[in-house]
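Observations on the three-dimensional arrangement
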Amino acid sequence: MHSEKNRIGRRSFLRGAGVLLPLPFLNLMASSAPAGAGCEKSPKRFLTLFKPNGVHPPSWNINDGSEYDFRLSPLMKPFEKHKDDLLILDNMGDFGFSSHANSTRRFLSGHHSNSSSASVDQLIADKICGDTPHRSLELTTEGLFPNQIGCSYISYNKDGKPIPRESDPQLIFDRLFRNPMASPKRRKQMASLLDRVLEDANSLARKSGREDRRTLDEYLSVVRASEKRLSTLQHHEPNAKMDFELFERPGAGANLDEQVDAMLDMIVLALWTDSTRCISYMLGNSNSRMIFDFLGIDEQHHYLSHFFRNNSRSNLDALLKISLWHMQKFDLLLTKLKSKKEGDGTLLDNTLVLYGSGMGHSDNHTATRIPMVLAGGKGLIKTGRYVRYSENQRLGGLHTALLNKFGTDKEMFASADPALPGLDASDFVAYREPKFASWIREQDKQLVVQGRLRMSDNLDEAKIFFIDVVGKPSVRVEVNFRDFHDFNLAYHCGTAVTITGNGEQQGQRWVIKKVTELKSVFGSQPGTQKG
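No experiment lies behind these values; they were computed from the predicted model shown.

Some remarks on the overall build of the chain
Summing up its helical and strand segments, the chain has 14 helices and 17 strands in all. Every one of the 531 residues in the chain was classed for burial, and the buried ones make up 55%. Of the contacts formed within the chain by residues at least 6 apart in sequence, a portion of 72% connects residues at least 24 apart. Of the roughly 23200 Å² of accessible surface on the chain, 49% is carried by carbon and sulfur atoms.

Looking at the packing of aromatic side chains
Within this structure, the stated rule accounts for 14 aromatic pairs. Taking 6.4 Å as the distance between ring centres and 50° as the angle between the ring planes, the aromatic pair formed by Phe 308 and Phe 481 counts as tilted. Residue Phe 308 is found in the loop between α10 (301–305) and α11 (313–339), and its partner Phe 481 is found in helix α13 (residues 481–486); the two are separated by 173 residues along the sequence. Given the relative accessible area of 1%, Phe 308 is considered buried. Note on Phe 465 and Phe 484: the rings are 6.1 Å apart at their centroids and 35° apart in plane angle, and the pair reads as tilted. Here Phe 465 is found in strand β14 (residues 465–468), whereas its partner Phe 484 is found in helix α13, with 19 residues between them in sequence. Exposure remark for Phe 465: the relative accessible area of 0% places this residue in the buried category.

Some thoughts on empty space enclosed by the protein
Taken as a whole and judged by the stated rule, the model has three cavities of 30 Å³ or more. Each pocket or cavity is described by its volume, and for the largest cavity that value is around 70 Å³. Broken down by secondary-structure element, the contributors of at least two residues to the lining of the largest cavity are α8 (210–233) and β7 (341–342). Per-element accounting of the lining of the largest cavity gives the leading share, three residues, to α8. Partitioned by chemical class, the residues of the lining of the largest cavity number two nonpolar, three polar and four charged. In this structure, the second largest cavity occupies an estimated 40 Å³ of space. Along the walls of the second largest cavity sit Glu 138, Leu 139, Tyr 153, Ile 154, Ser 155, Ile 163, Arg 165, Ser 280 and Met 282, which together make up its complete lining. Broken down by secondary-structure element, the contributors of at least two residues to the lining of the second largest cavity are β5 (137–140) and β6 (278–282).

Quick word on the sheet that holds strand β9 (residues 351–356)
Spatially, seven strands are ordered β5-β6-β3-β9-β10-β4-β11 in an open sheet, and the strand pairing comes out mixed. At either end of the open sheet lies a strand with only one pairing partner, and these are β5 and β11 (385–393). Taken over all neighbouring pairs, the strand axes of this sheet differ in orientation by 15° on average, direction set aside. Of the strand pairs in this sheet, β9 and strand β10 (residues 372–376) are connected by five bridges, and their pairing is antiparallel. Opposite Tyr 355, over in β10, you have Val 373 as the bridge partner.

Overview of the side chain of His 301
With respect to the helices and strands, His 301 occurs in helix α10. Among the residues examined, His 301 registers a relative accessible area of 0% and is labelled buried.

A few points about the pairing of strand β16 (residues 496–506)
Here strand β13 (residues 446–455) pairs with β16 via six bridges, running antiparallel. The partner of Arg 452 across the bridge, within β16, is Ala 496. With 10 bridges joining them, β16 and strand β17 (residues 509–520) adopt antiparallel strand pairing. Bridge pairing in β17 links Val 497 to Ser 520. In textbook terms, the turn of a hairpin is the stretch between consecutive antiparallel strands, and for β16 and β17 this stretch comprises two residues, one of which, Gly 507, has a positive phi near 70°.

Observations concerning the environment of Pro 421
Inspection of the secondary structure assignment puts Pro 421 in the loop between α12 (395–405) and β12 (439–443). Classification of Pro 421 as partly exposed rests on a relative accessible area of 31%. C-alpha separation for the pair Pro 421 and Gly 397, spaced 24 residues apart in sequence, amounts to 8.5 Å. Those residues in contact with Pro 421, other than ones at most four positions away along the chain, are Tyr 389, Ser 426, Asp 427 and Phe 428.

What about the pattern of salt bridges?
This structure, assessed with the given rule, holds 26 salt bridges. For Glu 67, the salt bridge identified is with Arg 385, shortest N-O distance 2.8 Å. Residue Glu 67 is found in the loop between α2 (57–60) and β4 (86–92), and its partner Arg 385 is found in strand β11; the two are separated by 318 residues along the sequence. Looking at Glu 67, the relative accessible area reads 22%, which means it is partly exposed. On the basis of relative accessibility, which here comes to 0%, the residue Arg 385 falls in the buried class. Where Asp 265 meets Lys 336, a salt bridge forms, and the shortest distance between an N and an O atom there is 2.7 Å. You can see Asp 265 sitting in helix α9 (residues 256–272) and its partner Lys 336 sitting in helix α11, a full 71 residues away along the chain. By the burial criterion, Asp 265 is buried, and Lys 336 matches it. Ionic contacts of the salt-bridge type, sharing partners, join the residues Glu 433, Arg 452, Arg 454 and Asp 468 into one network.

Reading the values: rules and limits
Residues numbered from 1 in each chain as written. Predicted model: local features only at pLDDT ≥ 70, side-chain atom pairs only at ≥ 80, totals over all residues. Heavy atoms only, no water. Helix = DSSP H or I, 4+ residues; strand = E, 2+ residues; numbered from the N terminus. Buried < 20%, exposed > 50% of the residue type's maximum accessible area, 1.4 Å probe, protein only. Contact = heavy atoms within 4.5 Å. Areas by Shrake-Rupley, 256 points an atom, 1.4 Å probe, with all protein chains shown as cover. Phe/Tyr/Trp six-rings, centres within 6.5 Å; stacked < 30°, edge-to-face > 60°. 1 Å grid on protein atoms, 1.4 Å probe; cavity = no way out; pocket = protein on both sides within 12 Å on 5 of 7 lines; lining within 4 Å. Points joined across faces, edges and corners; volume = space filled by probe spheres on them. Nonpolar A, V, L, I, M, F, W, Y, C, P; charged D, E, K, R; others polar. Pairing = 2+ DSSP bridges. Axes fitted to C-alpha atoms, helices over the stretch in contact; angles between N-to-C directions. Salt bridge = Lys/Arg side-chain N within 4 Å of Asp/Glu carboxyl O.

Okay, here's the thing in structure tokens:
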């Protein structure tokens, strides 16, 4: 047990040469509360990761399994080892189409029309920021897209105005851990942040217990490793004869992969040291134009995301490679958060992470089955589950539920969306496919088919749809982009439809080449609104 004189407050720093270095949670801090007050609890945090350009649904969607017994989809495989820490939500979204700008606004604001109030992360930040040095951090990997500026933001202030993002891990590190008044000329002289606080760190270690010393040693090692990683991202020193103060400091690392890894380090350090408790991070703008050359890809992500209209196996392979990279970064983040012990749990236990996108099908911009995964948040949500709701659930309902989890008083958010049920294993209406008849008829020289519409699982058939009919070979749908777009085939996937079109029989299978009418069996229409 620690003596009274050795106790320190939660908001403690290592000090040296004008530098303040915030500390992770130590047992010495837990002991600092007055007698009878109980141990200080680790703070709760909120972290969001935004994935740009939607997904390839057959590779992302989970189409079978129950709440506690399900198999992760191919794109989710990178975080298989975190399955018990995940809550995967399905049937999130609402009506048919979505622009890229609207999808970013939707992600944390519930609906594109919610343009005059704060996004959910900012409302949560107001509640949990406490006395942290930084109320929140808004981060990104990509610069602004001026042609459609709304594509570049997910976080908005109380007036609904976009909050500027930061993309340089070096500058974020300076902001968190270095004197903000230090100029670039003095950064060389600083050499190492840890050298300047070494004496203070040694003093703290001498009065710490074994577990705290281990935590402190790990923390100092992480900070030193982060400094080393960040130093490798810097470009070579400019010619000494040039006044490089006139040049703008580079905002990216050697490549995107290294930049994102460094940013994830900064996120974990910022949360672990309680420098902030709320972070939003965009892995790209919603219509990201980034080129993943380090993955051997030479086309823009946005171009590849339109895999129907720009169809080729190589394009689809490249798109899936990018999506898999996004999943690997999510896996890396969860691994880093779980590696940091905090109190009786881990940093992930005390951080609710929201990972997702603003649209579902990347080509047709559907606002249905939008990827949404929650992780961590012990005591706030019940993980190890796959929750597929019976009907589309607007994101505003999810946001209302999150606001309630963090102790706000809001009963509604965005367009009057009530709290989404089921996050903590409470009752919810689960998806059950209603019964319907399926059949094939020839009528007025056209083919009329009723059955369940689905995309082909074969990557060589990314433009092909099928209508499943009981007792008969599935009807193959091979249409051009105009039919795909005008009838919003992607929106209706997984549901029963009646399709009329020009068909021909090829062997035992009917093939539709032109759609003239599409009706939902259960009356679910995508609508004409721009989501």
